[in-house]
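Coordinate analysis (summary)
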Amino acid sequence: MGQQRALVFGTTAEAYDAARPGYSDLLVDTVLAYAGPGLRRAVEIGAGTGKATVAFAGRGVPVLAVEPDPRMAEVLRRNTADVPHVEVEAGLLFEQWQPGGRRFELVYAAQAWHWLDPHTRRDRVHDVLAPGGTVALFWNFAPVVDPDLHRALQETDEEFGTGLMRLTELAADYAGEIESTVENGWPARDFAGDARFTDQRSVRVRNGRVRQGVDAWLARVATQSGVQMLEPGRREACLAALRAALTAHGDGFDTEWITDVFLARRVPVEALA
């Protein structure tokens, strides 16, 4: 079911590309500063339409973008056509993709780690990382600032079971640092007992407040997997209910743009000897 749900985005690849936000310079700075010098090439897991691909390749990092859905990959190739140092390999899940003996100094996933097989994903990352190389896993969040709006949106989210937490949660709840819990599935729980990865860090990147328009926000919501998986009539009812909640609070609203990132380093070969 997880892989089936992960591939639903390709059914609306163009809308996904138009509605989803990119990644901030601050996020890229954070990852590259951790990775340090000597970063010769990176592999991206589940590159989608290239939001993160463009951000990292635009900094001069050669990126091999692996994307399982050919429909998403078509948009990815278009978006990176004029960006140097990008190679796209499409049509295979990361679990099936073969690196052909290649090793990478950076392996990263933007909004994609949770779609991978939890039993094999760490092994796969370890196998393609060069000794001392970096794994970076990150997600964009856009929690709402207004508590009343948060409650109204969350009620609709719960009614339809769409799992929109990153878009309907309250910004004030993100005022602290990242906590790793069973409920949030934060990668630190995966990596904590794995001695092959060291210097593990969880970083909350705060990109600032963003004013959202109702139509733009709903266009983004319509690309969320929980909404796309609804039966068409129920999906329209969900979007209508969300619109009613938003318009009752005015013609726009504020969100916080947050990117949470997990960082770890493959232990150098000599350290395991």
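In this text the structure is predicted, and so the values were computed from the model without any measurement. (Residues numbered from 1 in each chain as written. Predicted model: local features only at pLDDT ≥ 70, side-chain atom pairs only at ≥ 80, totals over all residues. Heavy atoms only, no water.)

Our focus in this paragraph is the pattern of salt bridges. Counted according to the given criterion, the structure contains 18 salt bridges. The residue Asp-194 makes a salt bridge to Arg-196 at a minimum N-O spacing of 2.8 Å. Here Asp-194 falls in the buried class, since its relative accessible area comes to 8%. Judged by relative accessible area, which is 21%, Arg-196 ranks as partly exposed. Residue Arg-265 is joined to Asp-199 by a salt bridge in which the shortest nitrogen-to-oxygen separation is 3.3 Å. Of this pair, Arg-265 sits in strand β7 (residues 252-266) while Asp-199 is found in strand β6 (residues 197-213), placing the two residues 66 residues apart along the sequence. A relative accessible area of 18% places Arg-265 in the buried class. Beyond isolated ion pairs, a larger network of salt bridges with shared partners links Arg-122, Asp-123, Asp-194 and Arg-196. (Salt bridge = Lys/Arg side-chain N within 4 Å of Asp/Glu carboxyl O. Buried < 20%, exposed > 50% of the residue type's maximum accessible area, 1.4 Å probe, protein only. Helix = DSSP H or I, 4+ residues; strand = E, 2+ residues; numbered from the N terminus.)

Let us look at helix α3 (residues 25-35). Of all the residues in α3, the buried ones are Leu-27, Val-28, Val-31, Tyr-34 and Ala-35. One face of α3 carries all of its buried residues, which in axial projection span an arc of 135 degrees. Exposed and facing more than 90 degrees away from the buried side of α3 are Asp-25 and Ala-33. One or two steps after α3, the chain reaches Gly-36, where phi turns positive at roughly 80 degrees. (Arc of directions from axis to C-beta.)

Position of His-126 among the secondary structure elements: in helix α6 (residues 121-128). Setting aside chain neighbours within four positions, we find His-126 in contact with Arg-196, Phe-197 and Arg-266. (Contact = heavy atoms within 4.5 Å.)

Our focus in this paragraph is the confidence of the model for the chain. It should be kept in mind that the predicted coordinates are not to be read in detail where pLDDT is low. For the chain, the average pLDDT comes to 92, and 95% of its residues sit at 70 or higher. Throughout residues 1-6 the model reports pLDDT below 50, and contacts reaching past four residues in sequence, or to other chains, amount to 11 contacts. (pLDDT = per-residue confidence, 0-100.)

Our focus in this paragraph is the environment of Thr-162. Position of Thr-162 among the secondary structure elements: in the loop between α7 (147-160) and α8 (165-168). The spatial distance from the C-alpha of Thr-162 to the C-alpha of Gly-226 is 4.4 Å, given a sequence separation of 64 residues.

Moving on, we get to the pairing of strand β1 (residues 42-45). The two faces of β1 match: Ala-42 and Glu-44 on one face and Val-43 and Ile-45 on the other face are all buried. With helix α4 (residues 51-57) bridging β1 and the parallel strand β2 (residues 63-67), this β-α-β connection has right-handed handedness. Of the pairings in the sheet, the one linking β1 to strand β4 (residues 104-110) comprises four bridges and is parallel in character. Bridged to Ile-45 within β4 is Ala-109. (Right-handed = clockwise from strand over helix to strand, strands pointing away. Pairing = 2+ DSSP bridges.)

Right, let's talk about the nonpolar core for a bit. Judged by nonpolar contacts, the single largest core of 28 residues is most densely connected at Val-43, Trp-97, Trp-113, Val-125, Val-135 and Leu-137. Secondary-structure elements contributing two or more residues to this core are β1, β2, β4, α6, β5 (129-141), α9 (188-191) and β7. Counting residues per element, this core draws most heavily on β5, which supplies five residues. Not counting residues within four places of it along the chain, the set of residues in contact with Val-125 comprises Ile-45, Phe-94, Val-107, Trp-113, Val-135 and Phe-197. Within the second largest apolar cluster, 21 residues are counted, among which are Val-28, Ala-57, Tyr-108 and Ala-136. (Core = buried A, V, L, I, M, F, W, Y, C linked by side-chain atoms within 4.5 Å.)

What follows deals with the environment of Arg-102. Along the chain, the position of Arg-102 falls in the loop between β3 (86-90) and β4. When the C-alpha atoms of Arg-102 and Val-128 are compared, they prove to be 6.8 Å apart, with 26 residues separating the residues in sequence. With residues near it in sequence (within four places) discarded, Arg-102 still touches Arg-41, Leu-64, Glu-87, Glu-89, Trp-97 and Val-128. For Arg-102, the side chain forms a polar contact with the side chain of Glu-89, separated by 3.3 Å. (Polar contact = N/O pair within 3.5 Å; in protein donor to acceptor, adjacent residues only side chain to side chain.)

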